[in-house]
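Secondary and tertiary structure notes
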Amino acid sequence: MAGMSITHQMSAISGQQIALESGNGTAEPTTAVVSAAAVWKSPVPVIRCRAGGEIEALSPPVSPCLSPVRGGMRANLAVACQAFAAEVEAEAEAEPGEREYKEGSGKGRGKGKGVPVFVMMPLDSVTMGNGVNRRKAMKASMQALKSAGVEGIMMDVWWGLVERNGPGAYNWGGYAELLEMAKHHGLKVQAVMSFHQCGGNVGDSCTIPLPNWVVEEMHKDQDLAYTDQWGRRNFEYVSLGCDTLPVLKGRTPVQCYADFMRAFRDNFKHLLGDTIVEIQVGMGPAGELRYPSYPEQNGTWKFPGIGAFQCYDKYMLSSLKAAAEAAGKPEWGSSGPTDAGHYNNWPEDTQFFRREGGGWTSPYGEFFLNWYSQMLLEHGERILSSANSVFHDMGVKISVKVAGIHWHYGTRSHAPELTAGYYNTRFRDGYLPIAKMLARHGAIFNFTCIEMRDYEQPQDALCAPEKLVRQVALATREAQVPLAGENALPRYDEAAHEQIMGASSINIDGEEREMCAFTYLRMNPGLFQADNWRRFVTFVKKMKEGKDPHKCREQLEEEAAHFVHVTRPLVQEAAVDLML
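Residues numbered from 1 in each chain as written. Predicted model: local features only at pLDDT ≥ 70, side-chain atom pairs only at ≥ 80, totals over all residues. Heavy atoms only, no water.

Helix and strand counts for the chain stand at 18 helices and 14 strands. Every one of the 580 residues in the chain was classed for burial, and the buried ones make up 57%. In the chain, the proportion of contacts linking residues at least 24 apart, taken out of those at least 6 apart, comes to 76%. Accessible surface computed for the chain: about 22900 Å², of which carbon and sulfur atoms make up 51%. (Helix = DSSP H or I, 4+ residues; strand = E, 2+ residues; numbered from the N terminus. Buried < 20%, exposed > 50% of the residue type's maximum accessible area, 1.4 Å probe, protein only. Contact = heavy atoms within 4.5 Å. Areas by Shrake-Rupley, 256 points an atom, 1.4 Å probe, with all protein chains shown as cover.)

Glancing now at helix α9 (residues 253-267). Helix length check: α9, at 15 residues, gives a terminal C-alpha distance of 21 Å against a target of 21 Å (1.5 Å per residue), a fit within 8%. When α9 is considered as a whole, its buried residues turn out to be Pro253, Val254, Cys256, Tyr257, Ala258, Phe260, Met261, Ala263, Phe264 and Arg265. (Expected span 1.5 Å × (residues − 1).)

All right, on to the pattern of salt bridges then. Side chains that differ in sign of charge can pair as their charged atoms come close. All told, the structure shown has 23 salt bridges when counted by the stated rule. The salt bridge involving Arg440 is made with Glu381; its shortest N-O contact spans 2.3 Å. Remark: Glu381 occurs in helix α11 (residues 363-391) and Arg440 occurs in helix α13 (residues 432-440); sequence separation between them is 59 residues. Where Asp454 meets Lys467, a salt bridge forms, and the shortest distance between an N and an O atom there is 3.0 Å. (Salt bridge = Lys/Arg side-chain N within 4 Å of Asp/Glu carboxyl O.)

Time to look at the pairing of strand β13 (residues 511-514). Successive side chains on a regular strand alternate, one facing one side of the sheet and the next facing the other. Judged from the 4 bridges that link them, strand β12 (residues 505-508) and β13 form a sheet pairing that is antiparallel. Looking at β13, one finds that Ser505 is bridged to Glu514. With antiparallel pairing between neighbouring strands as the criterion, β12 and β13 make up a hairpin whose turn holds 2 residues, including Asp509 at a positive phi of roughly 55 degrees. (Pairing = 2+ DSSP bridges.)

Another point: helix α16 (residues 530-545). In this model α16 runs 23 Å from its N-terminal to its C-terminal C-alpha over 16 residues, within 8% of the 22 Å that 1.5 Å per residue would give. Looking at the residues trailing α16, positive phi occurs at Gly546, about 80 degrees.

Once that is clear, we can look at the sheet that holds strand β4 (residues 152-158). Pairing is parallel around the closed barrel formed by 8 strands, whose spatial order is β3-β4-β5-β8-β9-β10-β11-β14. The sheet shows a mean angle of 30 degrees between the axes of neighbouring strands, taken without regard to direction. Of the strand pairs in this sheet, strand β11 (residues 483-486) and strand β14 (residues 517-520) are connected by 3 bridges, and their pairing is parallel. Across the sheet, the residue bridging to Glu486 is Thr519, located in β14. In the packing of α9 onto the sheet, contacts are made with β4, β5 (188-194) and β8 (276-281), and the angle to β5 comes to roughly 155 degrees. (Axes fitted to C-alpha atoms, helices over the stretch in contact; angles between N-to-C directions.)

Moving on to the pairing of strand β9 (residues 397-402). In terms of burial, β9 is a largely internal element, 5 of the 6 residues being buried. Pairing analysis gives 3 bridges linking β8 to β9, with the strands arranged parallel. Among the inter-strand pairings, Gln280 is bridged to a residue of β9, identified as Ser399. Relative to strand β10 (residues 444-447), β9 runs parallel, the two being bridged by 4 bridges. Of the residues in β10, the one forming a bridge with Lys401 is Asn446.

Evaluated as defined, the whole model comprises 40 aromatic pairs. Taking NZ or CZ as reference, Arg290 lies 4.2 Å from the ring centre of Tyr294, over its face. (Phe/Tyr/Trp six-rings, centres within 6.5 Å; stacked < 30°, edge-to-face > 60°. Lys NZ or Arg CZ within 6 Å of the ring centre and 35° of its normal.)

This next bit is on the environment of Glu163. Within the secondary structure layout, Glu163 lies in the loop between α6 (159-162) and α7 (173-184). Distance in space between the C-alpha atoms of Glu163 and Phe260 is 8.1 Å, their sequence separation being 97 residues. Here Glu163 is in contact with Gly168, Ala169, Tyr170, Pro211, Trp213, Arg251 and Phe260, once residues within four sequence places are set aside. Side chain to side chain, Glu163 and Trp159 meet in a polar contact 2.8 Å long. (Polar contact = N/O pair within 3.5 Å; in protein donor to acceptor, adjacent residues only side chain to side chain.)

With that settled, consider the packing of α11 against α13. In a packed pair of helices, the relevant descriptors are the angle between the two axes and the axis-to-axis distance. In the contact formed by α11 and α13, the axes pass within 10 Å of each other and the chain directions differ by 15 degrees. Classified by the angle between their axes, α11 and α13 sit roughly parallel to one another. Judged by the sense of rotation from one axis to the other, the crossing of α11 with α13 is right-handed. Contacts between α11 and α13 pair Leu377, Gly380, Glu381 and Leu384 from the former with Pro433, Ile434, Met437, Leu438 and Arg440 from the latter. Counted by class, the contact of α11 with α13 contains 6 nonpolar, 1 polar and 2 charged residues. (Parallel < 35°, antiparallel > 145°, perpendicular 65-115°, else oblique. Left-handed = near helix turned anticlockwise from the far one by under 90°. Nonpolar A, V, L, I, M, F, W, Y, C, P; charged D, E, K, R; others polar.)

Turning to the side chain of Lys541, a few remarks are in order. As for its placement among the helices and strands, Lys541 is situated in helix α16. Once residues lying within four places of it in the same chain are set aside, the contact partners of Lys541 are Leu556, Glu559, Ala560 and Phe563.

Across the junction of Phe303 and Pro304, the peptide omega takes the value 5 degrees, indicating a cis bond. The residue Pro304 is located in the loop between β8 and α10 (314-326) in this model. Note that the residue after Leu521, namely Arg522, is joined by a cis bond; omega there is 0 degrees. Take Arg522: it is sitting in the loop between β14 and α16. Notably, His414 is not glycine yet its phi reads approximately 55 degrees, a positive angle. We note that Gln480 has phi near 55 degrees; this positive angle belongs to a residue other than glycine. Topologically, Gln480 is positioned in the loop between α14 (465-479) and β11.

This paragraph deals with the side chain of Gln197. Tracing the chain through its elements places Gln197 in the loop between β5 and α8 (212-220). Within the local environment of Gln197, its side chain forms a polar contact with the backbone oxygen of Gly199, the two atoms lying 2.9 Å apart. Ignoring any residue separated from it by four or fewer positions in sequence, one finds Gln197 in contact with Trp158, Ile208, Pro209, Leu210, Phe235, Glu236 and Gln297.

Mapped onto the secondary structure, Leu320 falls in helix α10. On the basis of relative accessible area, Leu320 is assigned to the buried category, the value being 0%. Distance in space between the C-alpha atoms of Leu320 and Gly241 is 9.9 Å, their sequence separation being 79 residues. In this view, Leu320 contacts Trp332, Gly333, Ser335, Gly336, Phe367, Phe368 and Trp371; residues no more than four positions away in its chain are not counted.

Have a look at this one:
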């Protein structure tokens, strides 16, 4: 089946000839004769999943070779597909306000009108040669997602691919094709300005370094990389300590980010506000506003370690020294805490983070944590100012992703959050300052770990993702900033879906706090496995209906089952091709 288009598959199953749609949008009849047996009895070697390579971290690898519908083939699937397409179009015409993607305080959708669902594209959707990776799979997958009622897709626009070869030399090749593909299928796009390296974090299935010329500069001056107290360098993202210094061939890092966004705007101006509805601005490792305090690369950190402060490059230390002198305590400016333990310690293992008498409560500890977290906030301010200047009046929303660091949340010091730059403790709200900063720039607060339940996590590490999500929801409400969500890890089970639906509309003091959007991680072969796809389609329909559905649960599930059946050949094709 991997070698057959969806049109051929439908033709074989329905016994009819179906017009083929060409790349230019014209329909041409096909005279190819394909037997149903050829579709359903594809040889196993054709769809074998290659271990390693592009899909090394995709899990679980599943066989897309599904058995035929029980009781024999169903008649006239082509007509069913045509009817389904008409049905979707009728829904769009009947409820344009509800189908329009409007982020913000909920204006245009109304309370209880549901949350639009986006799906993250594979990290390697664009090749190192700036072409579309697995082009056939991308087309089939987008068509399947649209049929399921998905609002759109999220794609990483990698700095390390587009501006790889030289400053100001942008190659948008694969992205131009992917964006046109999304437009063709009627999908909205959340474009992520990915100024970080891919590889070394949870879920990274490929490696995409920073641009070659940036890496060269970082090797010449290794203090451009984040550094821990033991001198370990992290090359995932340029240290925010040099944000405003012309260290990248005459430009500052913030100027490089602004120039990249401006080039993106100029190249895709015709799609902004229509197909491209959101720009998520990367601000650190994994695209998140944080320090690289828990790097998985080379086994440096393992869950649920507390991580380590990243303030030992010369640029960060220079800022720390100036802050200490301004505070009248020059002796505080020579170093970060030296008693904060190692990456894989727990809070009580350390003098700085321990519950009783920990250094984090001392005058020095409060000074350092204020400076460290403020540096991160100022980094966010600088990049958001550039993003708003570039995309002003272009019809797109700006968003920022914040990490869901839920382990050791039940302790007093919240050590993993502190090392990441979030000054959040038992006695201090570290997310309200972030929310207020985003509010000043009209940006969306995008938060992860929405799918997690407290009891699913190791309780000896005092994990509390549900309590963390609620704290963030409270902070965004107080700051009056829109909240969006993502799942931190791939989940296909109904329990995770139910948790996401609950978290997407949290009751706070009798008021429903509804997310403006949810982005599902991620499009891969596992999503298109039969049972997972059925559950996902049902989840999307329930998210769109919201807390006050016009249809009962059983009706939603029946409709989802109908869509799953109609799109089955398409989903099979997507699953096969994504594994190649």
